[in-house]
Amino acid sequence: MALYVNDEGVGSVPTPQATAVGKSILADLSLLGICVIWGTSFAIVKSVVRGFDPAAFIAARFIVATLLIGIVAGPRLRRLSLRTLAAGAVLAVPLFVGFLTQTLGLAATTASKAGFITGMHVAFTPFLAFVVLGKRVRVWAAIGVSMAVVGLGMLSLDGSVRPAQGDLLVLACAFAFAVHIVLLGKYSPQSDGVLLAFTQMAWVTVIACMFAGPDLRDLAGFGREAALSAVYLGATGTALAYLVQTVAQKYTPPTRAALIFQMEPVLAALFANLWLGEAMSARQFAGAGLILAGILVCQVGDLRFAREG
């Protein structure tokens, strides 16, 4: 699950000759590349984590992300304050819970379904923003969430009124990511974005190590595939994705970025089919489509309101 931060402290170094159109196209392609990386993560985690403690794998992934963002931060680390450290600690809790429940859920559901269910964090966000920040829930948010909930039922209920345990765990992951987004909206304006990202990565690593306990020894037993997967997900799906998104969204309008990000669950289903042989029924595809539509209604409504306001 990416970090939604806007901070002028992070920037790109485009060539003076680059045109506005060229920058916009490159930014769109960069965001699509992030979606490809995130799309692969579901199949990778499902195929690799078997036999390993999920918290130990998360610790390995975030160690890589912490080191890389620390390198990017460089001299900025001297300005790291107790306030940023405290904010990072608060934000790390829902972030870790999100990754843990997603990893556990993937052991009991398909990677394709997990991709769509995780995307529901966008639908949860406006209601959590109302509880935490007092922001009024708009009509389009209620409509979008209703569509997504119906889609979730079509996707998850296979002839039973009870969803699979794995689906519920991934739904808890979506809720935790929504909590993280709302809290990030509260803390990020007060902090340097790169330093806040670094502290979150570091705190998640600490929490994961504590949660794994003696099972942290699983790290020593990582084979080549597990080790490469942890490095890949930490370097690309976490550290690189955050930095690229922060820079790319300076040149891509928010509405278009929201549309591009809808490719993540679609790509997750595609890679799950190619690598794991997973397939969805027509009803599940319809449910997935409703989830995507509901998420899009929430996003576009919020973006239009922000632009008009």
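What you are looking at is a predicted structure, and each value in this text was computed from that prediction instead of being measured.

1. Observations concerning the overall build of the protein chain
Line of reasoning, step 1. What the protein chain contains, in helices and strands, is twelve helices and zero strands.
Line of reasoning, step 2. The N-to-C order of helical and strand elements in the protein chain reads α-α-α-α-α-α-α-α-α-α-α-α.
Line of reasoning, step 3. Counting the 309 residues in the protein chain, one finds 50% classified as buried.
Line of reasoning, step 4. With the model as given, the accessible surface of the protein chain reaches about 14,100 Å², and the carbon-plus-sulfur share is 68%.

2. What to know about the side chain of E278
Line of reasoning, step 1. The topology assignment puts E278 in the loop between α11 (263-276) and α12 (282-308).
Line of reasoning, step 2. Here E278 sits buried without a salt bridge, and the closest side chain of opposite charge, K46, lies 4.8 Å off (N-O distance).
Line of reasoning, step 3. If near-sequence neighbours (up to four positions away) are discounted, E278 is found in contact with K46, T110, A111, S112, A272 and N273.

3. As for the side chain of T84
Line of reasoning, step 1. Counting through the fold element by element, T84 comes out in helix α3 (residues 82-106).
Line of reasoning, step 2. The residues touching T84, leaving out its near neighbours within four places in the chain, are S191, L195, L196 and T199.

4. Remarks on the environment of P214
Line of reasoning, step 1. With respect to the element layout, P214 can be found in the loop between α8 (193-212) and α9 (224-248).
Line of reasoning, step 2. Taking the C-alpha atoms as reference points, P214 and A56, 158 residues apart in sequence, are found 9.6 Å from one another.

5. Remarks on the nonpolar core
Line of reasoning, step 1. Ranked by internal contacts, the top residues of the largest apolar core, which has 34 residues, are F57, F116, L155 and I291.
Line of reasoning, step 2. Looking at this core, the element that brings in the most residues is α12, giving five residues.
Line of reasoning, step 3. In this view, F57 contacts V45, V48, V49, F222, A226, S229, A230 and L233; residues no more than four positions away in its chain are not counted.
Line of reasoning, step 4. Judged by nonpolar contacts, the second largest core, of 26 residues, contains A59, F99, C173 and M201.

6. Thoughts on the pattern of salt bridges
Pairs can form between side chains of opposite charge once their charged atoms are near each other.
Line of reasoning, step 1. Tallying each qualifying case throughout the model produces three salt bridges.
Line of reasoning, step 2. Where D192 meets R76, a salt bridge forms, and the shortest distance between an N and an O atom there is 3.0 Å. Pair noted here: D192 is in the loop between α7 (165-187) and α8 and R76 is in the loop between α2 (54-73) and α3, with a separation of 116 residues, a long-range link.
Line of reasoning, step 3. A salt bridge links K113 to D167; the shortest N-O distance between them is 3.1 Å. Taken together, the residues K113 in helix α4 (residues 111-118) and D167 in helix α7 connect sequence positions 54 residues apart. Of the two residues examined, K113 and D167, each falls in the buried class.
Line of reasoning, step 4. Through salt bridges with shared partners, one network takes in R76, R79 and D192.

7. Observations regarding the packing of aromatic side chains
Line of reasoning, step 1. All told, the structure shown has six aromatic pairs when counted by the stated rule.
Line of reasoning, step 2. Judged by centre distance (5.4 Å) and plane angle (45°), the rings of F271 and W275 are tilted. Here F271 pairs with W275, and both are found in helix α11, just four residues apart, close to one helical turn.
Line of reasoning, step 3. You can call F271 buried: its relative accessible area is 15%.

8. Things to note about α8
Line of reasoning, step 1. With 20 residues, α8 should cover 28 Å at 1.5 Å per step; its first-to-last C-alpha distance of 28 Å lies within 8% of that length.
Line of reasoning, step 2. Capping the start of α8 is the job of one residue whose side-chain oxygen sits 2.9 Å from the backbone nitrogen of V194: D192.

9. Digging into the confidence of the model for the protein chain
Any region with low pLDDT has predicted coordinates that should not be read closely.
Line of reasoning, step 1. Per-residue confidence for the protein chain gives a mean pLDDT of 81; residues scoring 70 or more make up 84%.
Line of reasoning, step 2. Ranking the elements of the protein chain by mean pLDDT puts helix α10 (residues 254-261) last, at 62, and α3 first, at 94.
Line of reasoning, step 3. pLDDT under 50 marks residues 1-18. Its contacts with residues more than four places away, or in other chains, come to 43 contacts.

10. Re the packing of α3 against α7
Line of reasoning, step 1. Look at α3 against α7: their axes get within 7 Å of each other, and the N-to-C directions meet at 160°. Regarding the angle of α3 to α7, the classification is roughly antiparallel. As α3 packs across α7, the resulting crossing turns out to be left-handed.
Line of reasoning, step 2. Here the contact of α3 with α7 is built from residues that sort into 19 nonpolar, six polar and no charged.

Definitions and cut-offs
Residues numbered from 1 in each chain as written. Predicted model: local features only at pLDDT ≥ 70, side-chain atom pairs only at ≥ 80, totals over all residues. Heavy atoms only, no water. Helix = DSSP H or I, 4+ residues; strand = E, 2+ residues; numbered from the N terminus. Buried < 20%, exposed > 50% of the residue type's maximum accessible area, 1.4 Å probe, protein only. Areas by Shrake-Rupley, 256 points an atom, 1.4 Å probe, with all protein chains shown as cover. Lys, Arg positive; Asp, Glu negative; His and termini not counted. Salt bridge = Lys/Arg side-chain N within 4 Å of Asp/Glu carboxyl O. Contact = heavy atoms within 4.5 Å. Core = buried A, V, L, I, M, F, W, Y, C linked by side-chain atoms within 4.5 Å. Phe/Tyr/Trp six-rings, centres within 6.5 Å; stacked < 30°, edge-to-face > 60°. Expected span 1.5 Å × (residues − 1). Polar contact = N/O pair within 3.5 Å; in protein donor to acceptor, adjacent residues only side chain to side chain. pLDDT = per-residue confidence, 0-100. Axes fitted to C-alpha atoms, helices over the stretch in contact; angles between N-to-C directions. Parallel < 35°, antiparallel > 145°, perpendicular 65-115°, else oblique. Left-handed = near helix turned anticlockwise from the far one by under 90°. Nonpolar A, V, L, I, M, F, W, Y, C, P; charged D, E, K, R; others polar.

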